[in-house]
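Residue-level listing of the chains:
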Amino acid sequence: RTIKTMALTRSPKYAENNQPFTVLIEGNIGSGKTTFLNHFNKFDDICLLSEPVERWQDVGGCNLLDLMYKESNRWAMPFQTYVTLTMLEMHTKPTDKSVKIMERSLFSSRYCFVENMYANGTLHKGMYQILQDWYRFIEKSIHIQADLIVYLRTSPEVVFERMKTRARSEESCVPLKYLEELHVSHEDWLVHRKRGNPNTPVLILNADLDLENIGSEYKRSEDSIFKASI
Ligand code: DCP
């Protein structure tokens, strides 16, 4: 068979060709992703998809987020599987807006949380392998649009304080060390470009700044998003 006929017989990926310019908002726990997203509420032509934490807290009456922190060896794997499903729903959700902005993505589950859980022994090798096989299958068969990643870069100490102040009950036992590990995995992915597609542009914002001072950083992101999406 010629290359041409092989190209013609490649079956299209699910959700291929129906996604607008897509921006992924990433950063450590407590880096301000939700606040960042809310800032874009005022624009009409943007489909905003916030992270479905409430769904993870109530899966048929079970709080998977809580179970994942309380009994991580047993629940980290089903939790990440469920996060992956909810993320895929967001990645593939059709919209007639010209820009989609998503809080987190399949990529942070894969490159940050799952890698970290494997490295620190929370995920058994067999569980990790099953997740890798799922990710490989998804990569082959589902289109994930990612035109820009906004990295809300923080220091672990700052987000640790914010997390304690916010006091989400499930996170009460999360130590600084965990946020330090997640910080390294975000840096490896988005700054050192050790994982994922190194060609996806990343805009790095200083998210250690508090709410009064972060306005100029938001403005910078608005410029990048609107310029790039035209
Ligand atoms: N989480 C996880 N694995 C993922 C995604 C999230 O274990 N793949 C956990 C970490 C947090 C909770 O879910 O306990 C929510 O995490 P996020 O960092 O995604 O969201 P926040 O609400 O902390 O974001 P922010 O404070 O930046 O708005």
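What you see is a predicted model; the values in this text were computed from it and never measured. (Residues numbered from 1 in each chain as written. Predicted model: local features only at pLDDT ≥ 70, side-chain atom pairs only at ≥ 80, totals over all residues. Heavy atoms only, no water.)

K.L.:
Go over the overall build of the protein with me, naming the residues and quoting the values.
P.N.:
A tally of regular secondary structure across the protein gives 10 helices and five strands. In terms of overall size, the protein behaves like a compact globule, its C-alpha atoms giving a radius of gyration of 18 Å where 230 residues would be expected to give roughly 17 Å. Along the three orthogonal principal directions, the C-alpha set of the protein runs to about 60 × 45 × 35 Å. Out of the 230 residues belonging to the protein, those deemed buried represent 47%. (Helix = DSSP H or I, 4+ residues; strand = E, 2+ residues; numbered from the N terminus. Rg over C-alpha atoms; globule rule 2.2 N^0.38 Å. Buried < 20%, exposed > 50% of the residue type's maximum accessible area, 1.4 Å probe, protein only.)

K.L.:
Tell me what's going on with the layout of surface pockets, and back it up with residues and numbers.
P.N.:
Computed from the structure, the largest pocket encloses a volume of approximately 720 Å³. If you go around the largest pocket, you meet 34 residues; those closest to its centre are I29, G30, K33, T34 and R166. Secondary-structure elements contributing two or more residues to the lining of the largest pocket are α2 (33–39), α3 (53–56), α4 (64–70), α5 (72–92), α6 (106–119) and α8 (156–166). With four residues, the top contributor of residues to the lining of the largest pocket is α2. Looking at the lining of the largest pocket residue by residue, the classes come out as 16 nonpolar, eight polar and 10 charged. (1 Å grid on protein atoms, 1.4 Å probe; cavity = no way out; pocket = protein on both sides within 12 Å on 5 of 7 lines; lining within 4 Å. Points joined across faces, edges and corners; volume = space filled by probe spheres on them. Nonpolar A, V, L, I, M, F, W, Y, C, P; charged D, E, K, R; others polar.)

K.L.:
So what about the sheet that holds strand β4 (residues 148–153)? Which residues, and what values?
P.N.:
Read from one edge to the other, the open sheet built from five strands follows the order β2-β3-β1-β4-β5, with strand pairing classed as parallel. Each having just a single partner strand, β2 (46–49) and β5 (202–206) make up the two edges of the open sheet. Ignoring which end each strand starts from, the neighbouring axes of this sheet average 20° apart. As defined by bridge partners, strand β1 (residues 21–27) adjoins β4 across five bridges and the pair is classed as parallel. Bridged to V23 within β4 is L148. (Pairing = 2+ DSSP bridges. Axes fitted to C-alpha atoms, helices over the stretch in contact; angles between N-to-C directions.)

K.L.:
I'd like a rundown of the confidence of the model for the protein, residues and numbers included.
P.N.:
In regions of low pLDDT, the predicted coordinates are not meant to be interpreted in detail. Averaged over all residues, the pLDDT of the protein is 93; the fraction at 70 or higher stands at 97%. Reported for the predicted complex are a pTM of 0.94 and an ipTM of 0.96. (pLDDT = per-residue confidence, 0-100.)

K.L.:
How would you sum up a nonpolar patch on the surface? Please name residues and give values.
P.N.:
A surface patch of nonpolar side chains, about 340 Å² in accessible area, is lined by I130, W134 and F137. Position of I130 among the secondary structure elements: in helix α7 (residues 125–141). Given a relative accessible area of 42%, I130 falls into the partly exposed group. (Patch = residues over 30% accessible without salt bridge, like charges linked within 9 Å, V, L, I, M, F, W, Y side chains within 5 Å. Areas by Shrake-Rupley, 256 points an atom, 1.4 Å probe, with all protein chains shown as cover. Salt bridge = Lys/Arg side-chain N within 4 Å of Asp/Glu carboxyl O.)

K.L.:
Describe α7, and please don't skip the residues or the numbers.
P.N.:
Along its 17 residues, α7 runs 24 Å from first to last C-alpha, staying within 8% of the 24 Å computed at 1.5 Å per residue. Its buried side turned inward, α7 meets α5 and α6. (Expected span 1.5 Å × (residues − 1). Contact = heavy atoms within 4.5 Å.)

K.L.:
Describe in detail the site of the ligand, supporting the description with residues and values.
P.N.:
Around the ligand, a shell composed of 22 residues is seen, among which E51, Y69, R104, R166 and E171 lie nearest. A distance of 3.2 Å is found between an oxygen atom of the ligand and a backbone nitrogen or oxygen belonging to S31. The side chain of R166 places a nitrogen or oxygen atom 2.7 Å from an oxygen atom of the ligand. When the ligand sits alone it has 580 Å² of accessible area, and the protein chains cover 97% of it. Residue assignment for the shell around the ligand shows that the elements contributing at least two residues are α2, α4, α5 and α6. (Near = heavy atom within 4 Å. Polar contact = N/O pair within 3.5 Å; in protein donor to acceptor, adjacent residues only side chain to side chain.)

K.L.:
Any details on helix α10 (residues 215–229)? Residues and values, ideally.
P.N.:
The end-to-end C-alpha distance of α10, which contains 15 residues, comes to 21 Å, matching closely the 21 Å that a straight helix rising 1.5 Å per residue would cover. Taken together, the buried positions of α10 are E217, Y218, S221, E222 and I225. The buried residues of α10 occupy one face: seen down the axis, they fall within an arc of 145°. (Arc of directions from axis to C-beta.)

K.L.:
Account for the state of the cysteines, naming residues and giving values.
P.N.:
The bond known as a disulfide is covalent and runs between the sulfur atoms of two cysteines. Here the structure, examined in full by the defined rule, presents zero disulfides. C112 takes part in no disulfide bond, and the closest cysteine sulfur to it belongs to C173, at a distance of 20 Å. For C112, a relative accessible area of 0% translates into the label buried. (Disulfide = S-S within 2.5 Å.)

K.L.:
Report on the pairing of β5, specifying residues and quantitative values.
P.N.:
Burial along β5 is one-sided: the face carrying L203 and L205 is buried and the face carrying V202, I204 and N206 is not. The pairing of β4 with β5 spans five bridges and is classified as parallel. Looking at β5, one finds that I149 is bridged to V202.

K.L.:
Can you lay out the packing of aromatic side chains for me, pointing to particular residues and giving the numbers?
P.N.:
Using the criterion set out here, one finds 10 aromatic pairs in the structure. Judged by centre distance (5.1 Å) and plane angle (45°), the ring pair of F36 and F40 falls under tilted. A relative accessible area of 0% means that F40 is categorised as buried. (Phe/Tyr/Trp six-rings, centres within 6.5 Å; stacked < 30°, edge-to-face > 60°.)

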